[in-house]
Amino acid sequence: MRDMANSITIKRDYSLREHNTFGLDVKAKQFINYNTIDELVEVLASLKGKEQRILHIGGGSNLLFTQDFEGTILHSGIKFIEYVSREDHEVVIRVGAGVKWDDLCAEMARCNYYGCENLSYIPGEVGASAIQNIGAYGVEVESIIQQVETIEASTGKPRVFHHTECGYGYRDSIFKHRLQGQYIVTAVVYRLSPIPIVHLDYGQLQQLRSHAGTPTAQEIRDAVIAIRQSKLPEPDELGSAGSFFKNPVVPAKVFRQIATTYGDVPHYVISEDEIKIPAAWLIDQCGWKGKSHGGAAVYEKQPLILVNKDHATPTDIIKLATLIEQSVLEKFNIHLSPEVNYI
Ligand code: EPU
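Residues numbered from 1 in each chain as written. Predicted model: local features only at pLDDT ≥ 70, side-chain atom pairs only at ≥ 80, totals over all residues. Heavy atoms only, no water.

Attention now moves to the domain arrangement of the protein chain. Looking at the protein chain, the domain boundaries give domain 1 (9–76), domain 2 (81–230) and domain 3 (234–342). Between the C-alpha centres of domain 1 and domain 2 the distance comes to 24 Å. Between domain 1 and domain 2, the contact holds 14 residues from the first and 13 residues from the second. When domain 1 packs against domain 2, close to 1,000 Å² is buried across both sides, 65% of that on carbon and sulfur atoms. (Domains from an automatic or database assignment. Contact = heavy atoms within 4.5 Å. Buried area = accessible area lost by both parts, 1.4 Å probe.)

Here is the structure:
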């Protein structure tokens, strides 16, 4: 690589243990961290024409490395939070892709700007959050995204995607399918609200409704953190990638059949014909809670989460996930699809 600016770091045969929240000790042939858009363009130019796989990662909180990565992994260190405008009714901010998602949530709660407080404490970085359309407690990040700034990997040219061009859906965007790997997110523009807009429908958040006056963004954030800490493993203590599977959406007919046998199936009505059933419930009914395979296990408090209990290998996790998928299919005739990205 010629004329590389100093702040680019290149590592070879590099352990990705600190770059995937499962904590798997897989290696990348090459790992490059850059800190500015110019550096990214320079890195892309240097990789051009080389026959190798390139993968851009964020905090690695939604990845399952199935083996060593025989290519180059890119990581953004672009970190800034910039106010584009601050008005009485809305605040627009532009945030670098490498900012830790929860650092942004903490800052917004501190300023009492509403919009991302329900998404507090989700691991990962800003760039990946816009690709994955992270969601929790009745809110998806797309609801506050105005635009996504990218660099086209093949040309190094900038392109801005307006919200409507991002193809957002449940844990989904155009960047995961049609444009996968083609654009690298450099910054995301969000619109927040200084006026309270609260989402307190989720079970344990409903108690904030009896609160004297509208809860502050900070109070909602604190409640969300408390819920997450009680249900989900602490990323620093037990490796996982959050929810391993998506919650399946099934035809209403399938739901009714299940409900005949299991009267109290938890569910969310998506439309007249489609019902979402929590994968955690399906997995729980199959008796998986706390079960393990090799070093991988099903988290006791939330069976949608697979954890690295004891030096799990990628094979342990893949096998456990496959066994779970098979048993849910056999018992309920429902296909679970992973929420994590297999690499
Ligand atoms: N359930 C069980 N047994 C359990 C736990 C849960 O049967 O041990 C059933 C209960 O009926 C419960 C339902 O599953 O009501 C839903 O559980 P929970 O509220 O914990 O949420 P989830 O649907 O399992 C989703 C997201 C989470 C997000 C929460 C809260 C997906 C794939 N997961 O989980 O997101 O935090 O809702 O909004 O949509 C993530 O994406 O990594 C993630 C953690």
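On to unusual backbone geometry, then. The phi angle of most residues is negative, glycine excepted, and most peptide bonds adopt the trans form. Not every positive phi belongs to a glycine, and D13 is a case in point at roughly 45°. You can see D13 is positioned in strand β1 (residues 9–15). For Y121, which is not a glycine, the phi torsion comes out positive at approximately 70°. You can see Y121 is positioned in the loop between α2 (101–110) and α3 (126–132). For Y121, a relative accessible area of 26% gives the class partly exposed. (Helix = DSSP H or I, 4+ residues; strand = E, 2+ residues; numbered from the N terminus. Buried < 20%, exposed > 50% of the residue type's maximum accessible area, 1.4 Å probe, protein only.)

Grouped together as the largest cluster of nonpolar side chains are 42 residues, with contacts concentrated most on W101, L104, V148 and Y190. Put simply, the parts of the chain that give this core at least two residues each are β7 (91–96), α2, α3, β10 (145–152), β12 (183–192) and α4 (217–231). Looking at which element gives the most residues to this core, the answer is β12, with 5 residues. Counting residues in each nonpolar core, the second largest holds 33 residues, with A241, I275, A312 and I324 among its members. (Core = buried A, V, L, I, M, F, W, Y, C linked by side-chain atoms within 4.5 Å.)

Another point: the sheet that holds strand β17 (residues 292–293). Spatially, β13-β19-β18-β17 is the arrangement adopted by the 4 strands of the open sheet, whose pairing is antiparallel. Strands with a single pairing partner mark the edges of an open sheet, and in this sheet they are β13 (239–243) and β17. By the bridge criterion, 3 bridges tie strand β18 (residues 296–298) to strand β19 (residues 305–308) in an arrangement that is antiparallel. The partner of A297 across the bridge, within β19, is V307. Along the sheet, helix α7 (residues 314–332) contacts β17, β18 and β19; its crossing angle with β18, the most-contacted strand, is approximately 35°. (Pairing = 2+ DSSP bridges. Axes fitted to C-alpha atoms, helices over the stretch in contact; angles between N-to-C directions.)

With that out of the way, let us pick up the layout of surface pockets. In this model, the second largest pocket occupies a volume close to 730 Å³. Broken down by class, the residue content of the lining of the second largest pocket amounts to 6 nonpolar, 12 polar and 10 charged. (1 Å grid on protein atoms, 1.4 Å probe; cavity = no way out; pocket = protein on both sides within 12 Å on 5 of 7 lines; lining within 4 Å. Points joined across faces, edges and corners; volume = space filled by probe spheres on them. Nonpolar A, V, L, I, M, F, W, Y, C, P; charged D, E, K, R; others polar.)

Let's shift gears to the pairing of β19. Of the two faces of β19, both are covered, the one formed by I305 and V307 as well as the one formed by L306 and N308. When β13 meets β19, the two strands line up antiparallel, connected through 3 bridges. Its bridge partner being in β19, S240 is matched across the sheet by V307. In this structure, the hairpin formed by β18 and β19 is closed by a connection of 6 residues.

E39, L40, V43, L44, S46 and L47 are the residues of helix α1 (residues 37–47) that are buried. The buried residues of α1 occupy an angular sector of 160° when the element is viewed end-on, so they sit on one face. Among the exposed residues of α1, those pointing more than 90 degrees away from its buried face are D38 and A45. Buried residues in α1 make contact with β2 (27–34), β3 (53–57), β5 (69–76), β10 and β12. Among the residues trailing α1, G49 stands out with phi positive, at a value near 80°. (Arc of directions from axis to C-beta.)

Below, the discussion takes up the packing of aromatic side chains. If you walk through the whole model with that rule in mind, you get 12 aromatic pairs. Aromatic side chains F244 and Y342 sit 6.1 Å apart centroid to centroid with 80° between the ring planes, which places their arrangement in the edge-to-face category. Within this pair, whereas F244 is found in the loop between β13 and β14 (249–251), its partner Y342 is found in strand β20 (residues 341–342), the two being separated by 98 residues in sequence. Ring-pair connections join several aromatic residues into one group, and the members of that group are F22, F244, F245 and Y342. Over the ring of Y83 we find R86, and its NZ or CZ is 3.7 Å from the ring centre. Its end group placed over the ring of Y170, K276 keeps NZ or CZ at 3.5 Å from the ring centre. (Phe/Tyr/Trp six-rings, centres within 6.5 Å; stacked < 30°, edge-to-face > 60°. Lys NZ or Arg CZ within 6 Å of the ring centre and 35° of its normal.)

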